[in-house]
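# Chains, contacts and geometry: an overview
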Amino acid sequence: MFDEATQLALMQEFFSENREALDRIERGLLQLESTPTNRELLNSVFRDMHTVKGNCRMMGFERLEELTHTAESLLDRLRDGKLMIDTRIGNELLGVVDTVRRTLVTIEQSGSEGEVDFSTLIQQLEQVQAAETRIAPSIALEEPSLPELSHGDSPTTPDSTATRGDHEGNPGRIDSIRLSIERLDALMSQVGELGAVFNQLKYAVQRNPAQTDQALEGLGQQIHALQEEVLQYRLQPIGRILDNYHRLVRDLAVETKKKVILDLTGEETEVDRNVLIAIKEVLGHLIRNAIDHGIEPPEERMARGKSPVGRVRLSAEQKQGQIYLEIADDGRGIDVSRVRDKAIERGLINLDLALEMPDSEVMKLIMAPGFSTAEQVSRISGRGTGMDVVQAAIDKLGGSVTITSQFGAGSRFRLRIPQTMAIVSVLLVTACGETYAIPQVNIVELVSFHGAEVADNVEGKLQSPMVRVRERIFPLISLRQLVTHPDHAAAVTRSVEEIRSTHSLHVVVLQSEERIFGLDVDAIKEPASLVIKPVNRIFSDISLLAGTAVMPDGSVSFLLNVPELIKL
């Protein structure tokens, strides 16, 4: 018998190896539906299923062993050319993948396989195996090189069989990472250097106070280097979740009886794992929305002169510490006039405002809570909840959403999010005696006016203060008013007269999406890199706060949510 530590290590390896194998099986099955004669790919999927079966046998999970053994037998018939994979067989094998994944979660939580009955699924697999041969034994299977999944070379063609797969697919497990020995050695080296600098500081404090500042400087450098090293471990290729959306697209295409290709680009773009976790559901919802509401059925697309196969494109790129994600489709597009009518009907805007609003502003109303133009509620989307959840999730990350659409030609959602929320470059400012942090990525410039300059550069427009910066006029919001009246949007500005009568005015010019405004602060302090923690649940209802950080004096500073400021 193994001791407890060894048993724990074996179980962790069991979970890790099986989940990686299941991911490869799923990707392989999705490819096989469009390249069913790819012998190399069939062999690869078979080997991975064999690995999962062997792992289950080794750890004594007999029911999982029986299920995966039956799936392995079906894959063996496909390898022998006695059957050819189609949507029905794909459904059954993907159902095995989903079932094993769920059971692994059960084992992780309870230590057993649970009470779920696998007999029906095993029987269905056996029935498929017993079906008459679907491909002549004399036909030799092709052996092309293994194709790359993420290029969308061929469409998923659904048949009349409804999928049994989970609509979430498996958008990547990112709750663990594997480090090479080299990276662990580098981390150990950093820790060793940190210990050495600490000893130098201790010696300086006790015996040579004159060197204390130098030792503190060295300690700060080592801590910063260690933070950077650990941050690199947290960054993971976004492809870890993007690749798995092929499954989601496949299942939705089957259910909606549409033909859809998913094109992926930028899978190598690295993102902090916490950000990946936060955007998984966001991307899933936008993809579901694109297929359910955007992509038309094949016959409708052909009647409009389009290819019967719709395309959903998902791309990622990194620019200056920000990640830009784009989800685009070539479907129906958004009918702006219909959005305008629905917004009036639901009381979101009045008729006069509706006539004045440009189409780009009307389009943003689809992100309002409960807004939907769907005539019927489907199981996939259209319940009137979703796009507001997308907006809220992106706002929480301090990001933004931009929507463009051409009616009849498709829609494009562009998301901007920070690459990491662990360590954020900020500018420190004060209001009401408290220190607040503003993300550097949102800052356009800093400006201060003194004496007569204040009155010369502040004016009123419809009772609201405006500030002139380099011959441009921007709305001016008061941080002091915001923190004093966080629940009253009408009280976010000081009066024009009050501002013009002050001796000095400090303004942080901020930008989110295409909007620019000035934030009136008491004082502008220094830039900093802060370790950001989630907002305590006591303050979780205050949408203006995006996170917290402990300052050197032990006080807590709040990270401001710039997109929420924009809404005011």
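Residues numbered from 1 in each chain as written. Predicted model: local features only at pLDDT ≥ 70, side-chain atom pairs only at ≥ 80, totals over all residues. Heavy atoms only, no water.

Here the focus is the overall build of the protein. The helix and strand inventory of the protein stands at 19 helices and 18 strands. For the protein, with 568 residues in total, the buried portion stands at 48%. Taking the contacts inside the protein whose residues are at least 6 apart along the sequence as the reference set, 72% of them involve residues at least 24 apart. Just so you have it, the protein exposes about 28300 Å², and 50% of that area is on carbon and sulfur atoms. (Helix = DSSP H or I, 4+ residues; strand = E, 2+ residues; numbered from the N terminus. Buried < 20%, exposed > 50% of the residue type's maximum accessible area, 1.4 Å probe, protein only. Contact = heavy atoms within 4.5 Å. Areas by Shrake-Rupley, 256 points an atom, 1.4 Å probe, with all protein chains shown as cover.)

Our next topic: unusual backbone geometry. Even without glycine at this site, Arg470 takes up a positive phi of about 55°. Examined against the element boundaries, Arg470 turns out to sit in the loop between β12 (464-469) and β13 (472-478). At Glu471, a position not held by glycine, the phi torsion is positive, near 65°. Along the chain, Glu471 turns up in the loop between β12 and β13. Judged by relative accessible area, which is 70%, Glu471 ranks as exposed.

Given a rise of 1.5 Å per residue, 12 residues ought to cover 16 Å, and the 16 Å separating the end C-alpha atoms of helix α9 (residues 245-256) matches this to within 8%. Most of α9 is tucked away: 11 of the 12 residues are buried. Among the residues making up α9, those that are buried are Tyr245, His246, Arg247, Leu248, Val249, Arg250, Asp251, Leu252, Ala253, Val254 and Thr256. Where α9 is buried, its residues meet α1 (4-32), α4 (87-110), α8 (239-242), β2 (259-265), α10 (273-294) and β4 (309-319). Where α9 ends, the next residue or the one after it, Lys257, has phi of about 55°, a positive value. (Expected span 1.5 Å × (residues − 1).)

As enumerated under the stated definition, the model contains 2 aromatic pairs in all. Aromatic side chains Phe14 and Phe61 sit 5.4 Å apart centroid to centroid with 40° between the ring planes, which places their arrangement in the tilted category. In this pair, Phe14 sits in helix α1 while Phe61 sits in the loop between α2 (39-58) and α3 (62-79), placing the two residues 47 residues apart along the sequence. Residue Phe14 shares its accessibility class with Phe61, and that shared class is buried. Through a chain of ring-to-ring contacts, the aromatic side chains of Phe14, Phe15 and Phe61 assemble into a single cluster. Geometry around Phe118 places Arg63 over its ring, the cationic atom sitting 4.7 Å from the centre. Positioned above the aromatic ring of Phe46 is the side chain of Arg79, whose terminal nitrogen or guanidinium carbon lies 3.7 Å from the ring centre. (Phe/Tyr/Trp six-rings, centres within 6.5 Å; stacked < 30°, edge-to-face > 60°. Lys NZ or Arg CZ within 6 Å of the ring centre and 35° of its normal.)

Counted according to the given criterion, the structure contains 30 salt bridges. Taking the shortest distance from any N to any O, the salt bridge between Glu26 and Arg101 comes out at 2.9 Å. Pair noted here: Glu26 is in helix α1 and Arg101 is in helix α4, with a separation of 75 residues, a long-range link. This pair shows no difference in class: Glu26 is buried, exactly as Arg101 is. Among the charged side chains, a salt-bridge network with shared partners connects Asp23, Glu26, Glu33, Asp98, Arg101, Arg247, Arg250 and Asp251. (Salt bridge = Lys/Arg side-chain N within 4 Å of Asp/Glu carboxyl O.)

Moving on: α3. In a regular helix each residue adds 1.5 Å, so 18 residues correspond to 26 Å; α3 covers 25 Å between its end C-alpha atoms and thus fits that length. Within α3 the residues assigned to the buried category are Leu64, Leu67, Thr68, Thr70, Ala71, Glu72, Leu74, Leu75, Arg77 and Leu78. Those residues of α3 that are buried lie in contact with α1, α2, α4 and α5 (119-130). Backbone geometry just downstream of α3 places Gly81 in the positive-phi region, at approximately 80°.

With that settled, the discussion passes to the sheet that holds strand β16 (residues 523-531). Reading across from one edge, β16-β8-β9-β18-β17 is the order of the 5 strands in this open sheet, with mixed pairing throughout. For this open sheet the edge positions go to β16 and β17 (545-550), each flanked by a neighbour on one side alone. Averaged over all adjacent pairs, the angle separating strand axes in this sheet is 35°, with direction ignored. Note that strand β8 (residues 423-431) and strand β9 (residues 434-439) share 6 bridges and pair antiparallel. (Pairing = 2+ DSSP bridges. Axes fitted to C-alpha atoms, helices over the stretch in contact; angles between N-to-C directions.)

Membership of the largest hydrophobic core comes to 51 residues, with the highest contact counts inside it found for Ile238, Tyr245, Ile279, Leu283, Leu314, Leu325 and Leu415. Among the elements that make up this core, the one with the highest residue count is α10 (9 residues). Setting aside chain neighbours within four positions, we find Leu314 in contact with Leu242, Tyr245, Leu262, Asp263, Leu264, Thr265, Leu283, Ile287, Glu326 and Ile327. Of all hydrophobic cores here, the second largest spans 39 residues; its members include Ala21, Ile89, Leu93 and Val96. (Core = buried A, V, L, I, M, F, W, Y, C linked by side-chain atoms within 4.5 Å.)

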